[in-house]
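# Structure at a glance
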Amino acid sequence: MKKYTDLNTSARILLGPGPSTVSPRVLRAMAHPLVGHLDPQFIALMNEVQELLRFVFQTENRLTIPVSGTGSAGMEALCNFVEPGDAVLVGVNGYFGERLCDVAGRYGGEVRRLERPWGDVFTAEEIEKALQERPAKLVALVHAETSTGALQPMEGIADVVHRHGGLLLLDCVTSLGGVPVNIDAWDVDIAYSGTQKCLSCPPGLAPLTVGPRAVEALHQRKSRVANWYLDLTMIEKYWGSERTYHHTAPISMNYALREALRLIYEEGLEKRFERHRANAAALWKGLEALGLQPHVPLDHRLPTLTTVLVPEGIDEGAIRRRLLDEYNIEIAGGLGIFKGRAWRIGLMGYSSRRENVLLLLSALESLLA
Ligand SMILES: *Cc1c(COP(=O)(O)O)cnc(C)c1O
């Protein structure tokens, strides 16, 4: 008879594009006894999760919830704002912009791509020019493009989108909890994230916030939302005052998210962003000293994820394997055009620590020697 041993995973140092290392406090929270999803204790917890999500998104939006599923479920929730034939403008400057086009197209959106080379970002002027040529009901951008390490500046963008009658949707999967995300100040209509990146929770929930313009558009739809599981017209009743059953909330994941958000609240947003900036700056300096150049210029380089080009003649996969086997460190290879040519190093949430930066740099130094 085959023997199945006790689970015995290594305590990896997760310095890739997600998942990031999870705080022991979050793991302990997940081990709490299960209550029912309509238990008054769980309903109180749901309210706290919503309050804390509004805090990290910097928003007053009532419809702010954790969608069941990973970050991609947050992206897929755009199905609520796209009907067949709707014009959708997507900024494509990396892998996740591509995925947004794919998702919007599957719901019948007439997708138009606004393209920049991988690693670049968009200006409000070029978005305005595109909308003057042809307006769009939805404009979708990636705030922190995890395939390249570029951070999209947000000044003036919502203004342009709204002037042309559209809604602005922002992918904040690799920014929320690591760099400033100011949903109300930027006037973003729809934003989503994932728990496994800078929130340092296991993968499994997708924080989502929907502003008043987008809620109105949702209620004015001509057709039913094409995805039953992600239909916000029903889900808002479960997370709203009615508490009407739609699907069973992932209870333990909500325990985890509450604890991860409580950690952010205790640390304070400004201090947390400063920690991410300082550790990223130390990483960049150390990489440059090793002759490794981050791909994205400093003025729009993302502190939570860095793409570095691999020097000629180095087998990038072999180095990653040795980092994992000999140092217990995970980093990632490149996606898309960077496949086989770059490493992606994440310093997200609980993983963004000075000792991790020093350990990775010294490991890379010995492996490259
Ligand atoms: C990781 C990521 C996603 C998808 O999240 P999953 O948790 O992998 O489903 C979407 N957008 C961006 C920018 C990401 O980095």
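Residues numbered from 1 in each chain as written. Predicted model: local features only at pLDDT ≥ 70, side-chain atom pairs only at ≥ 80, totals over all residues. Heavy atoms only, no water.

### What about the pairing of strand E8 (residues 167-171)?
With five of its five residues buried, E8 lies for the most part within the structure. Judged by which residues are buried, E8 turns out to be covered on both faces: Leu-167, Leu-169 and Asp-171 on one side and Leu-168 and Leu-170 on the other are all buried. Inspection of the sheet shows strand E5 (residues 138-142) paired to E8 by five bridges, in the parallel sense. Across the sheet, Leu-138 pairs through a bridge with Leu-167, a residue of E8. Note: E8 against strand E9 (residues 190-192), three bridges, orientation parallel. Bridge pairing in E9 links Asp-171 to Tyr-192. (Buried < 20%, exposed > 50% of the residue type's maximum accessible area, 1.4 Å probe, protein only. Helix = DSSP H or I, 4+ residues; strand = E, 2+ residues; numbered from the N terminus. Pairing = 2+ DSSP bridges.)

### Examining the sheet that holds strand E10 (residues 205-210)
With mixed pairing, the seven strands of this open sheet are ordered in space as E2-E10-E9-E8-E5-E3-E4. The sheet is open, and its two borders are formed by strand E2 (63-68) and strand E4 (110-115), each paired with just one other strand. Looking at each pair of strands side by side, their axes are set apart by 20° on average, direction ignored. Sheet topology note: the E9/E10 ladder contains three bridges and is antiparallel. Bridged to Ile-190 within E10 is Val-210. Docked against the sheet, helix H5 (residues 124-133) engages strand E3 (87-92), E4 and E5, running at close to 145° with respect to E4. (Axes fitted to C-alpha atoms, helices over the stretch in contact; angles between N-to-C directions. Contact = heavy atoms within 4.5 Å.)

### Focus: the packing of aromatic side chains
One pass over the structure, following the stated rule, counts four aromatic pairs. Seen in terms of ring centroids, Phe-55 and Tyr-265 are 5.0 Å apart; in terms of plane orientation they differ by 75°. Their pairing is edge-to-face. Pair noted here: Phe-55 is in helix H2 (residues 40-57) and Tyr-265 is in helix H10 (residues 251-267), with a separation of 210 residues, a long-range link. It is Arg-301 that lies over the ring of Trp-284; its NZ or CZ is 4.6 Å from the centre. In this arrangement the basic side chain of Arg-353 is found over the ring face of Tyr-350, its NZ or CZ atom lying 4.5 Å from the centre. (Phe/Tyr/Trp six-rings, centres within 6.5 Å; stacked < 30°, edge-to-face > 60°. Lys NZ or Arg CZ within 6 Å of the ring centre and 35° of its normal.)

### Thoughts on the nonpolar core
For soluble globular proteins, the rule of thumb is that nonpolar side chains tend to be buried together. Of all hydrophobic cores here, the largest spans 88 residues; its most connected members are Leu-100, Ile-127, Leu-168, Leu-208 and Leu-261. When sequence neighbours within four positions are dropped, the list of residues in contact with Leu-168 reads Val-139, Leu-141, Met-154, Ile-157, Ala-158, Val-161, Val-188, Asp-189 and Ile-190. Residues Leu-287, Val-308, Ile-345 and Val-357 belong to the second largest nonpolar core, which totals 22 residues. (Core = buried A, V, L, I, M, F, W, Y, C linked by side-chain atoms within 4.5 Å.)

### Quick notes on helix H8 (residues 212-219)
Within the sequence span of H8, burial applies to Ala-214, Val-215 and Leu-218. Projected down its long axis, H8 carries its buried residues within an arc of 105°, all on one side. Residues of H8 that are exposed and angled more than 90 degrees away from the buried face: Pro-212 and Glu-216. Buried residues belonging to H8 abut E2, E8, E9, E10 and helix H9 (232-239). (Arc of directions from axis to C-beta.)

### Looking at the site of the ligand
Residues in close proximity to the ligand total 14 residues, the closest being Thr-70, Ser-72, Thr-146, Gln-196 and Lys-197. At 2.6 Å, a side-chain N or O of Thr-70 approaches an oxygen atom of the ligand. The contact in question runs from an oxygen atom of the ligand to an N or O atom on the side chain of Gln-196, over 2.6 Å. Put simply, the parts of the chain that give the shell around the ligand at least two residues each are helix H3 (71-76) and helix H4 (95-106). Ranked by residue count, the leading element in the shell around the ligand is H3, at three residues. For the shell around the ligand, the per-class residue count stands at five nonpolar, six polar and three charged. (Near = heavy atom within 4 Å. Polar contact = N/O pair within 3.5 Å; in protein donor to acceptor, adjacent residues only side chain to side chain. Nonpolar A, V, L, I, M, F, W, Y, C, P; charged D, E, K, R; others polar.)

### Let's talk about the domain arrangement of the protein chain
Taken domain by domain, the protein chain consists of domain 1 (13-19 + 269-368) and domain 2 (24-265). One C-alpha centre belongs to domain 1, the other to domain 2, and the line joining them spans 26 Å. At the interface, 25 residues of domain 1 touch 29 residues of domain 2. With both sides pooled, the region where domain 1 packs onto domain 2 buries about 2300 Å², and carbon together with sulfur makes up 67% of that total. Considering only the surface of domain 1 that becomes buried against domain 2, Leu-269, His-300 and Leu-302 emerge as the three largest contributors, covering 27% of it. The tally of links between domain 1 and domain 2 comes to zero salt bridges. Connecting domain 1 to domain 2 are ten residue pairs in polar contact (both at pLDDT 80 or more). (Domains from an automatic or database assignment. Buried area = accessible area lost by both parts, 1.4 Å probe. Salt bridge = Lys/Arg side-chain N within 4 Å of Asp/Glu carboxyl O.)

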